[in-house]
Each structure stands twice: as C-alpha cells, then as structure tokens.
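# Summary of the model geometry
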Amino acid sequence: MENAIFLAVIVSLDTYLAAAAYRNSGIRIPVLSAAVINLISGAVLWLSLSFSGFLSQYVSAGLFHVLSTVILTFIGAMTIFKSLVRILTGKLSERGEFSLKMGKSPIVLKLYLDDTAADFDNSKVLSPGEAVIFALASSLDSAAVGISCGFTDISAFTVVFLAVIFGFGAIIAGGITGKLAIVKNHDYSWVGGLLLIIFALLVNR
C-alpha cells in the first residue's frame, strides 16, 4: 500500500506544480479540464501498469528490475535537468541576458520550458482541448512509473484510483498556493525527478 501511495504522489506532483504555475499566471483550470487531465493521466497509468504485467510474463525478474531502474533513473535525471534549464532561463530572462521566443516552436518544447504554454489562445482559461494536449505531453512520468511496476504486488486499480483522487487534490492545492511567495516564480519540478529516482530504488530493492 505504501508503494501505491508513493507512486500516486509522484504522478500527481507534476499536476500540482503545473496547477500552481497556472494560478501564478492567472490561468484558470475549470472542473471539466481538471477532469480531462486526471482521467488521461489515470488512463496512461493504467495502460502502462497493464503493459508492465504483460511484460513480466516474458522477461525475467532480474532483467526487468534492472531495465525499470535504468528507465526511471534516466527520466528522473532528465526531469531534474529540465528544472535546472527552467531555472537558468528564468534567471537570465529576469536579468535581460536571454530572450526566448517560442511562437512557432513545437508544443513539446514549449511545455518543456513552460507548463502554462498549453493555453494556446491566451484566454487565461485552460479549455478541455488544451487540457488533452497538456495531459498527453506530461504523461511520460505516469507511463514510466507504471511500466516499472512489473513483478510487484502493487494493485493497478488502487494506484489509478489514488492517482486520480490525488490529481484533483493537486489541482485544488496548486490553485490555492500558486500565489504564495515560496511557489511564485520558482520551479520545483526537480522534486518529482528526485522522487522518481527514489522510487526506482525502492520498488526494485
């Protein structure tokens, strides 16, 4: 049960950070858009957990654990790197030493550097369609965590249920705390990367 809770927290952490960034930028996430984000994240997690169970029938436990540890550690490290890039570009932009124009850049790059880029029409409201793009672009962690859970006793239903519940809570919490000084203009996505690495070590110990 502890692993299931930890996994759900990892998946919902990015949702919380994104919701806080949206609140900080004055962008509202309606209930329907919040539901879209969490349902897609939950669906990706469910599919990856199911695929993990399928793989575990054909891959030895030792090899599976090595591969899942490597994958999770790599994605965790890339998440930490992404956070450092965001922090650096933010600092340089504040000092006028760097100007980034992403008008025609791929959406993946936009979301890599700025969670709020999913508000394509600058309406200050995340529509359900925009929520779909955002959820799909940010579901890599969910997929990686789910696939890593082969040969474990983690219940897919429990994890997905908790992830959806925690996801809604994360959006609410992000909307409340997005204007706090400790959150405003800071990037904490590195925490999610660190938790992924810790989870990789815990689930495969």
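The sections below set out a description of the structure shown in this document. (Residues numbered from 1 in each chain as written. Predicted model: local features only at pLDDT ≥ 70, side-chain atom pairs only at ≥ 80, totals over all residues. Heavy atoms only, no water.)

## Some words on the overall build of the chain
Along the backbone of the chain there are 8 helices and 0 strands. For the chain, the succession of helices and strands along the chain, N to C, is α-α-α-α-α-α-α-α. Taken across its 205 residues, the chain has 44% of its residues classed as buried. Taking contacts inside the chain between residues at least 6 apart in sequence as the whole, the part at least 24 apart equals 87%. When the accessible surface of the chain is totalled, it reaches about 10700 Å², and 70% of it is carbon and sulfur. (Helix = DSSP H or I, 4+ residues; strand = E, 2+ residues; numbered from the N terminus. Buried < 20%, exposed > 50% of the residue type's maximum accessible area, 1.4 Å probe, protein only. Contact = heavy atoms within 4.5 Å. Areas by Shrake-Rupley, 256 points an atom, 1.4 Å probe, with all protein chains shown as cover.)

## Description of a nonpolar patch on the surface
A cluster of nonpolar residues, Leu-84, Ile-87, Trp-190, Leu-194, Ile-198 and Leu-202, forms a patch on the protein surface that exposes about 480 Å² of accessible area. When contributions to the nonpolar patch are tallied by element, the ones reaching two or more residues are helix H3 (61-94) and helix H8 (189-203). It is H8 that provides the largest number of residues to the nonpolar patch, a total of 4 residues. You can call Leu-202 partly exposed: its relative accessible area is 32%. (Patch = residues over 30% accessible without salt bridge, like charges linked within 9 Å, V, L, I, M, F, W, Y side chains within 5 Å. Salt bridge = Lys/Arg side-chain N within 4 Å of Asp/Glu carboxyl O.)

## Brief notes about the nonpolar core
Leu-7, Leu-45 and Phe-199 are the most contacted members of the largest nonpolar core, which totals 25 residues. Going through the elements one at a time, helix H1 (2-24), helix H2 (31-55), H3, helix H6 (140-147), helix H7 (156-177) and H8 are the ones with two or more residues in this core. A per-element tally of this core places H1 first, with 8 residues. Residue contacts for Phe-199: discarding those within four places in its chain leaves Asn-3, Phe-6, Leu-7, Ile-10, Leu-72, Val-145, Ser-148, Cys-149 and Ile-154. (Core = buried A, V, L, I, M, F, W, Y, C linked by side-chain atoms within 4.5 Å.)

## Regarding the environment of Arg-28
By secondary structure assignment, the location of Arg-28 is in the loop between H1 and H2. The spatial distance from the C-alpha of Arg-28 to the C-alpha of Gly-175 is 8.3 Å, given a sequence separation of 147 residues. Once residues within four sequence positions are removed from consideration, Arg-28 is found in contact with Lys-124, Val-125 and Leu-126.

## What to know about the packing of H2 against helix H5 (residues 128-137)
Close contact between H2 and H5 brings their axes to 8 Å; oriented N to C, the two are set at 30°. Viewed along their axes, H2 and H5 adopt a mutual orientation that is roughly parallel. The chirality of how H2 crosses H5 is right-handed. Facing H2, whose interface residues are Leu-32, Ser-33, Val-36, Ile-37 and Ile-40, H5 presents Pro-128, Ala-131, Val-132, Phe-134, Ala-135 and Leu-136. (Axes fitted to C-alpha atoms, helices over the stretch in contact; angles between N-to-C directions. Parallel < 35°, antiparallel > 145°, perpendicular 65-115°, else oblique. Left-handed = near helix turned anticlockwise from the far one by under 90°.)

## Here we look at the packing of aromatic side chains
Inspection of every chain in the model, using the stated rule, returns 5 aromatic pairs. An aromatic cluster is defined as three or more aromatic residues linked by ring pairs; in this entry it consists of Phe-51, Phe-54 and Tyr-58. (Phe/Tyr/Trp six-rings, centres within 6.5 Å; stacked < 30°, edge-to-face > 60°.)

## A short note on H7
With 22 residues, H7 should cover 32 Å at 1.5 Å per step; its first-to-last C-alpha distance of 30 Å lies within 8% of that length. Elements in contact with the buried residues of H7: H1 and H2. (Expected span 1.5 Å × (residues − 1).)

## A short note on the side chain of Ser-33
Looking at the secondary structure, you find Ser-33 in helix H2. Residue classification places Ser-33 among the buried positions, given a relative accessible area of 1%. Polar contacts involving the side chain of Ser-33 include one to the main-chain carbonyl oxygen of Leu-126, which spans 2.5 Å. Excluding its chain neighbours within four sequence positions, the residues that come into contact with Ser-33 are Leu-126, Ser-127, Pro-128 and Ala-131. (Polar contact = N/O pair within 3.5 Å; in protein donor to acceptor, adjacent residues only side chain to side chain.)

## A closer look at the packing of H1 against H7
Packing of H1 against H7 leaves a shortest axis separation of 7 Å and a crossing angle of 25°. Between H1 and H7, the angle is such that the two are roughly parallel. Seen along the crossing, H1 lies across H7 with a hand that is right-handed. Contact with H1, carried on its side by Ala-4, Ile-5, Leu-7, Ala-8, Val-9, Ser-12, Thr-15, Tyr-16, Ala-19, Ala-20 and Arg-23, involves Thr-158, Val-159, Leu-162, Ala-163, Phe-166, Gly-167, Ala-170, Ile-171, Ala-173, Gly-174, Gly-175 and Thr-177 of H7 and no other residues of that element.

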